[in-house]
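# Chain and residue survey
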Amino acid sequence: MKTRKFIAVLSALLLLGMQNLPARALTLSEIPESGILSQEPPMPETFTIQTDTMTFEGYVGYDYVTLVKCDASLTSVEIPAEVTDPETGTVYPVSYISNEAFNDCTNLTEITINENQKKYTSIDGILCNADGTELIAYPLAKSTESIIIPDGIKTIGWYAFRHHPAKEIILPDSCTSVNSGAFGESLEKIHFGKSFRGFSNDAFLSCKNLKEITLSEGNASFIVEDNILYNKKKTILYLYPPQKPETSYTVPETVTEISSYALNNCEALEEITLPEGITSIRDNFNNCTNLKTLTIPEGVTHLSYAGNNCTNLETLYLPSTLTYVYNIFSRCGLKDVYFNNTQDYWYTMANVRSTAVLTYPAMHFSDDNDYIKLNENGIDYRVYPDKAVVMGCDKELTEIQIPEQVQNVPVTEIHSEAFRSHENLKSAELPETVTSIGNSAFYQSALEHVNLPENLTELGNSAFVGTNISEITIPDGITDLNGGMFYDCQNLKSVTLPEHLKTIGANAFFNCAIETITIPETVSCI
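Fair warning: this is a prediction, and the values are worked out from it, not measured in the lab.

About the thresholds
- Residues numbered from 1 in each chain as written.
- Predicted model: local features only at pLDDT ≥ 70, side-chain atom pairs only at ≥ 80, totals over all residues.
- Heavy atoms only, no water.
- Salt bridge = Lys/Arg side-chain N within 4 Å of Asp/Glu carboxyl O.
- Helix = DSSP H or I, 4+ residues; strand = E, 2+ residues; numbered from the N terminus.
- Buried < 20%, exposed > 50% of the residue type's maximum accessible area, 1.4 Å probe, protein only.
- Core = buried A, V, L, I, M, F, W, Y, C linked by side-chain atoms within 4.5 Å.
- Contact = heavy atoms within 4.5 Å.
- Pairing = 2+ DSSP bridges.
- Axes fitted to C-alpha atoms, helices over the stretch in contact; angles between N-to-C directions.

Bringing the pattern of salt bridges into the picture now. Tallied over the full model, the rule gives 10 salt bridges. The closest approach of N and O atoms between K335 and E314, which form a salt bridge, is 3.8 Å. One end of the pair, K335, is in the loop between β29 (324-328) and β30 (336-339); the other, E314, is in the loop between β27 (302-306) and β28 (315-318), and 21 residues separate them in sequence. Note that R420 is salt-bridged to E417, the shortest N-O span being 3.5 Å. Judged by relative accessible area, R420 falls into the partly exposed class, the value being 22%. E417 sits in the buried class, given a relative accessible area of 15%. One continuous salt-bridge network, built from bridges that share partners, spans D226, K244 and E246.

So, in structure tokens, the structure goes:
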């Protein structure tokens, strides 16, 4: 058999790090001697200019400054056109104003603009952009209960009312949009005008006390029914007031999308009924502290940042159609979680490790009655009529020898994550009947020795990441070595690859101790 030998430097470039380089291929002359490539250019140095009532910041080498803070005692403030650095005498134009510039100014009733300041204007003491169409900041001590936004304003800027104590805000018919974080906890009532067309998903994220939503007649984009905001066709649920007093809510059958943050902090809700037709749920059902049961309908494939801190949630039903889960249902009171699919399928989903439901004792799967659970000599199995699957072992074991059969059926698989993070397991002897080792099977365990059976045909992603093995022989049945297989195996010095290997995945041997490696002629992709 013909082979190619690569010295350590070339092996490192090909096997260990090519996927981390910029999209443009680098030549060897462009790689520094240290081998370390800078990921981001350093940020320029900053400087501060302090006046009696204001603080400005700028970047060295840039010809402008930003107003970042005003004195908390001010009742009125004028935005200057420029400011002089007392140390250098350099005059800088004031080109930007931070979203947080007025956060501490609880006595502020008026913001005015110097006549030479061309980037901003003031309308009735309110800070706006130059043409007066975007409201940037509203003084905290101006109109503290109810605010009527002047006609002509088209956009509410980022964080414009985030710290304002007003309980009611009435948007004019001229207003078409609202930016991120625009409103804060004090807001209880919001009125949208005739021309309003949309808002950033998190515009009302902090509005935990919102009770009432109203809308001008003739709005072409939205409707409000039972104090809930939908799009005109009623296919998108945009906003459910957190302080709505009802204990149950049935989302209309016409709804196929729930906008992010539409249903959060709804403390009164004990039951939410969702329709079929929804395929994705993001950033919803969080802090619904009285919710008792929830069914995610079939058809939903994506579920992320959902259901966290629902402290009274006891029962959860998850659909068989899920393909992605992330950061869901943590800090809940769950007693039973029913997943309408198999346990094997559960472990194939992206980011499944991040979901807190794994920690609850009563996780139910659709195939729970298809197998029996068995612990023999400290090793956990799932025994089916025709095979047995290794699920893990007792935490105190330092070595295991898996038999060819249990309960008269062959042991054919090591399940995904079977020995993940096992702190004591140093040696694993696998029988020749094993044909499959799942994803992350020995991930970051204390493993020092393992044999891979000759009949092995499947070797999952990241199976041996962070282990202490020093040598490994990949059997001939493996034709593709998946990404991250031996990532960070710092003691791994000797690797024997199979004769018919076709591909070596990204980071397969990253941060290993391999000095040389023989790559079969059949390998076409690294």
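Core analysis: the largest hydrophobic core is formed by 48 residues, its most contacted members being F464, F486 and F509. Counting 42 residues, the second largest nonpolar core, distinct from the first, contains L269, I278, I296 and L313.

Quick look at the side chain of T412 now. Looking at where T412 falls in the secondary structure, it is placed in strand β37 (residues 409-414). Those residues in contact with T412 that lie beyond four places of it in its chain are K387, A388, T433, V434, T435 and S436.

The next point concerns the sheet that holds strand β2 (residues 46-50). Strand order in the open sheet formed by 5 strands is β2-β3-β4-β7-β6, with mixed pairing between adjacent strands. Where the open sheet ends on each side, the last strands, each with one partner, are β2 and β6 (82-84). Between one strand axis and the next, the sheet turns by 40 degrees as a mean value, whatever way the strands run. The pairing of β2 with strand β3 (residues 54-59) spans 5 bridges and is classified as antiparallel. Within β3, the residue paired with Q50 across the bridge is T55.

Let us now look at unusual backbone geometry. At S143, a residue that is not glycine, the phi angle is positive and equals roughly 55 degrees. Summarising the element assignment, S143 is placed in the loop between β11 (134-137) and β12 (146-148). For D283, which is not a glycine, the phi torsion comes out positive at approximately 55 degrees. Structurally, D283 can be placed in the loop between β25 (280-282) and β26 (293-295).

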